[in-house]
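Take a look at the letters that make up each chain.
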Amino acid sequence: MAIRIERDHALGLDEARNRAEQLAAKLAQKFDVRYRWEGNTLAFKRSGADGKIEVAAHRIAVLLNLGLMLAPLSGTIRGEIEKTLDQWLEE
């Protein structure tokens with residue numbers, strides 16, 4: 001099950017990368033997520049899910065692949081990502 005969420009932003013590339021890093025650090029603590037930068041893409045992985053956050057100067061895209069155990073929760077997970085992303089971009 002794949003989830004893709006995109007948002008426009010006015011943060012600029014450096015600030016968007018900084019916020020993506022902060023978000024990844026929080027996820028790493030809370031959900032045992034491992035992450036690394038590949039250019040302007042932050043790739044992340046944990047048991048049952050993996051994905052990436054593509055950061056551009058005016059747009060951000062979150063792509064998440066859910067394993068079989070998490071697939072039934074895709075609607076809830078999508079909603080949480082959208083809520084968190086919208087809050088994250090407003091700060």
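What comes next concerns the included structure.

Calculation rules
Residues numbered from 1 in each chain as written. Predicted model: local features only at pLDDT ≥ 70, side-chain atom pairs only at ≥ 80, totals over all residues. Heavy atoms only, no water. Helix = DSSP H or I, 4+ residues; strand = E, 2+ residues; numbered from the N terminus. Rg over C-alpha atoms; globule rule 2.2 N^0.38 Å. Buried < 20%, exposed > 50% of the residue type's maximum accessible area, 1.4 Å probe, protein only. Lys, Arg positive; Asp, Glu negative; His and termini not counted. Charge placed at Lys NZ, Arg CZ, Asp CG, Glu CD. Salt bridge = Lys/Arg side-chain N within 4 Å of Asp/Glu carboxyl O. Expected span 1.5 Å × (residues − 1). Arc of directions from axis to C-beta. Pairing = 2+ DSSP bridges. Axes fitted to C-alpha atoms, helices over the stretch in contact; angles between N-to-C directions. Contact = heavy atoms within 4.5 Å.

1. Some thoughts on the overall build of the protein
Next, step 1: Secondary structure summary: the protein contains 2 helices and 5 strands in total.
Next, step 2: Relative to its length of 91 residues, the protein is compact, with a C-alpha radius of gyration of 12 Å against a globular reference of 12 Å.
Next, step 3: Dimensions of the protein, computed from C-alpha atoms along their principal axes, come out at roughly 35 × 25 × 20 Å.
Next, step 4: Per-residue burial for the protein yields a buried fraction of 32% across its 91 residues.
Next, step 5: Looking at charge distribution, the protein has the averaged site of its 14 positive side-chain charges lying 5 Å from that of its 14 negative ones.

2. Remarks on the pattern of salt bridges
Next, step 1: In this structure the tally under the stated criterion is 9 salt bridges.
Next, step 2: Arg-59 is the partner of Asp-8 in a salt bridge, and the nearest nitrogen-oxygen pair spans 2.4 Å. Placement of the pair is Asp-8 in strand S1 (residues 2-8) and Arg-59 in strand S5 (residues 59-66), with a sequence separation of 51 residues.
Next, step 3: Glu-82 is the salt-bridge partner of Arg-78, the closest N and O atoms lying 3.6 Å from each other. Remark: Glu-82 and Arg-78 occur in helix H2 (residues 74-90); sequence separation between them is 4 residues, near one turn of the helix.
Next, step 4: A cluster of three or more residues bridged by salt bridges with shared partners is formed by Arg-4, Glu-6, Asp-8, Lys-52, Glu-54 and Arg-59.

3. Some remarks on the side chain of Ser-74
Next, step 1: Structurally, Ser-74 can be placed in helix H2.
Next, step 2: By relative accessible area, which is 15% here, Ser-74 ends up buried.

4. Comments concerning H2
Next, step 1: The first and last C-alpha atoms of H2 sit 24 Å apart over 17 residues, in line with the 24 Å expected at 1.5 Å per residue.
Next, step 2: Residues Ser-74, Ile-77, Ile-81, Leu-85, Trp-88 and Leu-89 constitute the buried set of H2. In a view along the axis of H2, the buried residues occupy a sector of 90 degrees, so they form one face of it. Pointing more than 90 degrees away from the buried face of H2 are the exposed residues Gly-75, Thr-76 and Glu-90.

5. Digging into the sheet that holds strand S3 (residues 41-46)
Next, step 1: The antiparallel open sheet is built from 5 strands, whose spatial order is S1-S5-S4-S3-S2. Edge strands, defined here as strands with exactly one partner in the open sheet, are S1 and strand S2 (34-38). The mean angle between the axes of side-by-side strands here comes to 15 degrees, regardless of whether they run parallel or antiparallel.
Next, step 2: The pairing of S3 with strand S4 (residues 49-55) spans 6 bridges and is antiparallel. Looking at S4, one finds that Leu-42 is bridged to Ile-53.
Next, step 3: Running at roughly 160 degrees to S2, helix H1 (residues 13-31) makes contact with S2, S3 and S4 of the sheet.
Next, step 4: The sheet contacts of H2 involve S1 and S5, and relative to S1 the element is tilted by about 20 degrees.

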